[in-house]
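# Structural description and commentary
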Amino acid sequence: MAVSLAGRTAIVTGAGGGLGRTHALLLARAGAKVIVNDIPQNIANAESVMEEIKSAGGQATAFGASVTNEEAVAEMVAKAGAVDILVNNAGILRDKSFAKMTLDDFRLVMDVHLMGSVICTKAVWDGMRERNYGRIVMTTSSSGLYGNFGQSNYGAAKMALVGFMQTLSIEGAKNNIRVNCLAPTARTAMTENLLPPQALELLGPEYVSPALLALVAEDAPTRTILAAGAQGVEAAQITLTKGISIKGLDDLEAGSVILDKLGEIGDLKTATVPASGMEQGQIELGKALGG
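Residues numbered from 1 in each chain as written. Predicted model: local features only at pLDDT ≥ 70, side-chain atom pairs only at ≥ 80, totals over all residues. Heavy atoms only, no water.

Attention shifts here to the packing of aromatic side chains. Tallying each qualifying case throughout the model produces one aromatic pair. Taking 6.3 Å as the distance between ring centres and 80 degrees as the angle between the ring planes, the aromatic pair formed by Phe98 and Phe106 counts as edge-to-face. On the basis of relative accessible area, Phe106 is assigned to the partly exposed category, the value being 21%. Its guanidinium or amino end placed over the ring of Tyr133, Arg135 lies 4.3 Å from that ring's centre, counting from NZ or CZ. (Phe/Tyr/Trp six-rings, centres within 6.5 Å; stacked < 30°, edge-to-face > 60°. Buried < 20%, exposed > 50% of the residue type's maximum accessible area, 1.4 Å probe, protein only. Lys NZ or Arg CZ within 6 Å of the ring centre and 35° of its normal.)

Below you can see the structure in the form of structure tokens.
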């Protein structure tokens, strides 16, 4: 059966084009009332997406606000009413190698991606807790999960969103607030001259949005990182291996033993996905107490 979001209200940030646009269109097709957000300078694009949704029989409003502007975001949420779904999609790029990057460019990317998501999430959080329902998606990236040359600022922000999601999913569980991450692969202006036309066609943003839909559905998972693109969907996980004990070793000797046994320490056959950060300490204490 198709996912239904009938009766739900969703905010999609940075929805005037690209991934945000395809997210907004699909959420509307699923029955959600969509607030199409973009920065005030791009309000015409947001209004165009709004009209696309309305022309197809859906419900939508456009709202111009920077995700870094707390007052504007609060006004958007107040006008939206009861927000059931938040898609933190807005972002910018300031790509350069770290040697050439200014601290201002690093801060700007962190502000928009990380703090923008924090500000929007904070604005809807209390309402979701009161209504015991919420679906929130952070847009992470393979650049954060695995690294990418020239994107230290972007990668840092995107990985920070994973940590934000991990904790919010735990804190929101008792109020049926499910928080997830989406790592999209889609064509951009940067890739248009690097990839052949057939590859660019397969990397359309519309091929990412079904994974977004799954992450905001009634029976959505929580604390899940989905990677999606070119009609493929994968899961990324932060795991912890069984590792070794260095109990009883001299500190200098222990450092050498760790280096010698990195292969055993990193053996993925023993890896698990911890339920929370406390599990690491419990595993380490278990080694110490267990001999």
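Now that the structure has been shown, the text picks up again.
Despite not being glycine, Asn132 has its phi angle at roughly 55 degrees, a positive value. By secondary structure assignment, the location of Asn132 is in the loop between α4 (103–131) and β5 (134–139). Its identity is not glycine, yet Arg223 carries a phi of approximately 60 degrees, on the positive side. Its place among the elements puts Arg223 in the loop between α8 (209–216) and β7 (225–229). On the basis of relative accessibility, which here comes to 27%, the residue Arg223 falls in the partly exposed class. (Helix = DSSP H or I, 4+ residues; strand = E, 2+ residues; numbered from the N terminus.)

Here we take up the packing of helix α3 (residues 70–80) against α4. When two helices pack together, you describe them by how their axes are tilted relative to each other and by the distance separating the axes. Across the interface, α3 lies against α4 with an axial gap of 9 Å and an inter-helix angle of 40 degrees. Relative to α4, the element α3 lies oblique. As α3 runs across α4, the sense of the crossing is right-handed. Every residue of α4 that contacts α3 at Glu70, Val73 and Val77 is listed here: Ile119, Cys120, Ala123 and Val124. Of the residues assigned to the contact of α3 with α4, the class counts are six nonpolar, no polar and one charged. (Axes fitted to C-alpha atoms, helices over the stretch in contact; angles between N-to-C directions. Parallel < 35°, antiparallel > 145°, perpendicular 65-115°, else oblique. Left-handed = near helix turned anticlockwise from the far one by under 90°. Contact = heavy atoms within 4.5 Å. Nonpolar A, V, L, I, M, F, W, Y, C, P; charged D, E, K, R; others polar.)

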